[in-house]
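For reference, the chains in residue letters:
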Amino acid sequence: MVYDNSNIFAKILRGEIPCQLVDEDDYTLSFEDINPQAQVHVLVIPKNPYVDWTDFTKRASKEEIIKFIKAISRVAKKKGVTKTGYRVISNIGLDGNQEVPHLHMHIIGGRPLGPLLERKE
Ligand code: 5GP
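Residues numbered from 1 in each chain as written. Predicted model: local features only at pLDDT ≥ 70, side-chain atom pairs only at ≥ 80, totals over all residues. Heavy atoms only, no water.

Caption draft 1: The arrangement of the nonpolar core in detail. Of all hydrophobic cores here, the largest spans 16 residues; its most connected members are Val44, Phe68 and Ile107. For this core, the elements supplying multiple residues, two or more each, are strand S3 (40-46), helix H3 (62-78) and strand S5 (105-109). For this core, the leading source of residues is H3, giving five residues. Beyond its immediate stretch of four places on either side in the chain, valine 44 contacts Leu29, Ser30, Phe68, Ala71, Ile72, Val75, Leu103, His104, Met105 and Ile107. Phe9, Phe31, Ile45 and Val100 belong to the second-largest nonpolar core, a separate cluster that totals seven residues. (Core = buried A, V, L, I, M, F, W, Y, C linked by side-chain atoms within 4.5 Å. Buried < 20%, exposed > 50% of the residue type's maximum accessible area, 1.4 Å probe, protein only. Helix = DSSP H or I, 4+ residues; strand = E, 2+ residues; numbered from the N terminus. Contact = heavy atoms within 4.5 Å.)

Caption draft 2: The site of the ligand, seen in detail. By nearness alone, 17 residues border the ligand, and Asp33, Asn91, Glu99, His104 and His106 come closest of all. Here an oxygen atom of the ligand and a side-chain polar atom of aspartate 33 are 2.5 Å apart. One of the backbone N or O atoms of glutamate 99 is found 2.7 Å from an oxygen atom in the ligand. Computed on the free molecule, the ligand has an accessible area of 520 Å², of which 84% lies beneath the protein chains in the complex. In this structure, the ligand is accommodated by the largest pocket. Elements supplying a minimum of two residues to the shell around the ligand: helix H1 (8-13) and strand S2 (28-32). Among the elements that line the shell around the ligand, the one with the most residues is H1, at three residues. Of the residues belonging to the shell around the ligand, the class tally is eight nonpolar, six polar and three charged. (Near = heavy atom within 4 Å. Polar contact = N/O pair within 3.5 Å; in protein donor to acceptor, adjacent residues only side chain to side chain. Areas by Shrake-Rupley, 256 points an atom, 1.4 Å probe, with all protein chains shown as cover. 1 Å grid on protein atoms, 1.4 Å probe; cavity = no way out; pocket = protein on both sides within 12 Å on 5 of 7 lines; lining within 4 Å. Sits in = over half its atoms within 2 Å of the grid points. Nonpolar A, V, L, I, M, F, W, Y, C, P; charged D, E, K, R; others polar.)

Quick look at the structure:
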């Protein structure tokens, strides 16, 4: 999939729409999800344009990948969920139900989250 510069996270990165910042470094931006699914729901995104995890792991530098993974842990610590636990989710593509085509990790916690998926078959 070709990266679409008009997606909502690209607009946040360009400062065209606001976000509630949680964490930032040279390669990543982390901000509160606009529609939180739990007390803690933060999105961690790379600053460079990647559609999803597949695209990211193919094209990103090692430094970028390491910084991205470390940002996830830093956000969990900042939000106080390291001891109680949390979930890291990345929705990818159609079956993954990805709505925004810019790679993002959902950091969700602050309450018991239950099973990962409801079985619907
Ligand atoms: P996806 O379904 O692509 O994995 O998740 C997209 C996430 O982005 C959703 O949890 C949704 O609530 C969040 N989101 C969509 N638009 C905005 C926005 O304008 N600002 C913020 N902070 N989050 C957004």
